[in-house]
Amino acid sequence: MNELPKIGCYKFLVEPFHCDFSKRLFLGHLGNHLLNAADFHSNDRGYGMNYLHTVNKTWVLSRLTIEMSEYPLAYEAINVETWLESVMRYFTGRNFKITNEQGNTLGYGKSVWAMIDVETRQPVNLLDVRNGIISTFIDKEKKCNIDKLSRVQVSETASLVRSIDTHYSDVDMNGHINSIKYIEHVLDLWSVDWYQQHTIKRIDVAYVAESHQGDQLNFYLEPFTSAQESEHYSVRITKVNSHEAETEVCRCAVYFLK
C-alpha cells in the first residue's frame, strides 16, 4: 500500500440521466464522483471504509468546496485526481482536480474529513489508525488552484423559504442524511428558469451536525451583494423532530455567474 502514489486518478462517465436540461452534469452528481474518488483513494491505501468498518469507525465529511470553470456534457469522460493536503489529529484535508479527456481543467474541489467511532459518534485520532499510515500519503506540492475553504456566514435574519421531510433515499450507509443530498436540496431552491440564466460557479458547504430519516429540514436563505460578477446566496439548514429543538445541521454558500 505504501508503494502506491500519493495522488490517485479515477475515470468517470458523465451519464445522461445525471445531467440537467443543458445536458451538463448536475453539481450533485459531480460531488458524488469526488466522494467516490476519495473512497477509492483511501481504500486502496488502507485507511478507507473497507478497513474502518471492521473496527467500528467511519469517515464523515466536515467541509466541501467545489469550484467549476466548465461542466462536462453527457457521455463525456472525466478524470478526478485526489490527494491529501494535510493530516491533523482529528481532521484531514483532501483536494480534487477535475479534467476532461483532453486534459483540460474543468474545476477543483477542497474537503475536510473527520473520523468517528460508529458507536460513540466521537472523533478518532487519525494517527492512531494503522500506526498513522494516512500521514505517509500527504502531498504538499500539488496545487489546488482555488481559494481556500471559506467560512459560510448566515445571519439570523435569513428567510425561511422551504421545509421538507426526509425519506429513505436521503439516507446513506452511515445511517444519516447523505452529504450530497443537502447540496441537491439547496440547489432546488432555484427554478429551471433561474438556471437558464445562471451557472453555479462555486459552492461552499459546512456540515455542522447529523440529521436522520424522519427529521424535517428547514432552509433559510440570505442574499449577499458582491462587487464581483457573481451572485452570492447563503443557506442555513436546520432539522426539527419530536425529540429536540430546532438545530442547525448544515450551511451552504452558493455563487452564481449570470
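Residues numbered from 1 in each chain as written. Predicted model: local features only at pLDDT ≥ 70, side-chain atom pairs only at ≥ 80, totals over all residues. Heavy atoms only, no water.

Novice: I'm lost on helix H3 (residues 179-187) in this one. Help?
Specialist: Structural remark: α-helix, 3.6 residues per turn; residues separated by three or four positions point the same way. Summarising burial for H3: seven of the nine residues are buried, a large majority. Restricting attention to buried positions, one finds in H3 the residues Ser 179, Ile 180, Tyr 182, Ile 183, His 185, Val 186 and Leu 187. Structurally, the start of H3 carries an N-cap: the backbone nitrogen of Ile 180 is 2.8 Å from a side-chain oxygen of Asn 178. (Buried < 20%, exposed > 50% of the residue type's maximum accessible area, 1.4 Å probe, protein only. Helix = DSSP H or I, 4+ residues; strand = E, 2+ residues; numbered from the N terminus. Polar contact = N/O pair within 3.5 Å; in protein donor to acceptor, adjacent residues only side chain to side chain.)

Novice: Looking at this model, I keep getting lost on the layout of surface pockets. Mind explaining?
Specialist: Summary: where empty space remains is shown by rolling a probe the size of a single water molecule over the atoms. Taken as a whole, the largest pocket holds about 930 Å³ of empty space. Residue assignment for the lining of the largest pocket shows that the elements contributing at least two residues are helix H1 (27-44), helix H2 (49-52), strand E2 (57-68), strand E4 (91-100), strand E5 (105-117) and H3. Considering each element in turn, the lining of the largest pocket owes the most residues, seven residues, to H1. Per-class residue counts for the lining of the largest pocket are 21 nonpolar, twelve polar and five charged. Taken as a whole, the second largest pocket spans an internal volume of roughly 580 Å³. Looking at the second largest pocket, it is lined by 25 residues, and the ones nearest its centre are Asp 20, Phe 21, Phe 26, Tyr 195 and Ile 200. When residues of the lining of the second largest pocket are traced back to their parent elements, those giving at least two are H1, H3, helix H4 (192-197) and strand E7 (199-207). When its residues are assigned to classes, the lining of the second largest pocket shows twelve nonpolar, eight polar and five charged. (1 Å grid on protein atoms, 1.4 Å probe; cavity = no way out; pocket = protein on both sides within 12 Å on 5 of 7 lines; lining within 4 Å. Points joined across faces, edges and corners; volume = space filled by probe spheres on them. Nonpolar A, V, L, I, M, F, W, Y, C, P; charged D, E, K, R; others polar.)

Novice: Can you walk me through the side chain of His 232 in this structure?
Specialist: With respect to the helices and strands, the residue His 232 is situated in strand E9 (residues 231-240). Classification of His 232 by relative accessible area gives buried; the value is 14%. The residues touching His 232, leaving out its near neighbours within four places in the chain, are Glu 222, Pro 223, Phe 224, Ala 253, Val 254 and Tyr 255. (Contact = heavy atoms within 4.5 Å.)

Novice: I would appreciate a short explanation of the environment of Asn 125 in the present structure.
Specialist: Relative to the helices and strands, Asn 125 is located in the loop between E5 and strand E6 (159-165). Here the alpha-carbon distance between Asn 125 and Phe 91, two residues 34 residues apart in the chain, equals 8.4 Å. Apart from residues no more than four positions distant in its own chain, Asn 125 is found in contact with Arg 89 and Tyr 90. Within the local environment of Asn 125, its side chain forms a polar contact with the backbone nitrogen of Leu 127, the two atoms lying 3.0 Å apart.

Novice: Where do I start with the side chain of Thr 92 in this structure?
Specialist: Mapped onto the elements, Thr 92 comes out in strand E4. Thr 92 sits in the buried class, given a relative accessible area of 2%. Of note is the side chain of Thr 92, whose polar atom sits 2.8 Å from the backbone oxygen of Ser 86. Setting aside residues no more than four positions away along its own chain, Thr 92 makes contact with Trp 59, Leu 84, Ser 86, Val 87, Ser 111, Val 112, Trp 113, Leu 126 and Ile 134.

Novice: So what exactly am I meant to see when it comes to a nonpolar patch on the surface here?
Specialist: A cluster of nonpolar side chains, namely Met 88, Tyr 90 and Phe 91, defines an oily patch on the protein surface of about 270 Å² accessible area. With respect to the secondary-structure elements, Phe 91 resides in strand E4. (Patch = residues over 30% accessible without salt bridge, like charges linked within 9 Å, V, L, I, M, F, W, Y side chains within 5 Å. Areas by Shrake-Rupley, 256 points an atom, 1.4 Å probe, with all protein chains shown as cover. Salt bridge = Lys/Arg side-chain N within 4 Å of Asp/Glu carboxyl O.)

Novice: I would appreciate a short explanation of the sheet that holds E2 in the present structure.
Specialist: Within a sheet, adjacent strands bond to each other through the backbone by hydrogen bonds, running parallel or antiparallel. With antiparallel pairing, the ten strands of this open sheet are ordered in space as E1-E3-E4-E5-E2-E7-E10-E9-E8-E6. At either margin of the open sheet sits one strand with a lone partner, and together these are strand E1 (8-13) and E6. Averaged over all pairs of adjacent strands, the angle between strand axes in this sheet comes to 25 degrees, irrespective of strand direction. Taken together, the eleven bridges between E2 and E5 define a ladder with antiparallel strand orientation. Bridge assignment links Met 68 to a residue of E5, and that residue is Gly 107. On the sheet, H1 packs against E1, E2, strand E3 (77-87), E4, E5 and E7 and is oriented at approximately 140 degrees with respect to E1. In the packing of H3 onto the sheet, the strands contacted are E2, E6, E7, strand E8 (216-224), E9 and strand E10 (247-257), and the crossing angle to E7 comes to about 130 degrees. (Pairing = 2+ DSSP bridges. Axes fitted to C-alpha atoms, helices over the stretch in contact; angles between N-to-C directions.)

Novice: I would appreciate a short explanation of the nonpolar core in the present structure.
Specialist: Among soluble globular proteins, nonpolar side chains are generally buried collectively. Judged by nonpolar contacts, the single largest core of 62 residues is most densely connected at Trp 59, Trp 190, Val 235 and Ile 237. Each residue touching Ile 237, except ones within four places of it in the same chain, is listed here: Tyr 182, Val 186, Leu 217, Asn 218, Phe 219, Thr 247, Glu 248, Val 249 and Cys 250. Formed by six residues, the second largest nonpolar core is a distinct cluster that contains Val 154, Tyr 220, Ala 253 and Tyr 255. (Core = buried A, V, L, I, M, F, W, Y, C linked by side-chain atoms within 4.5 Å.)

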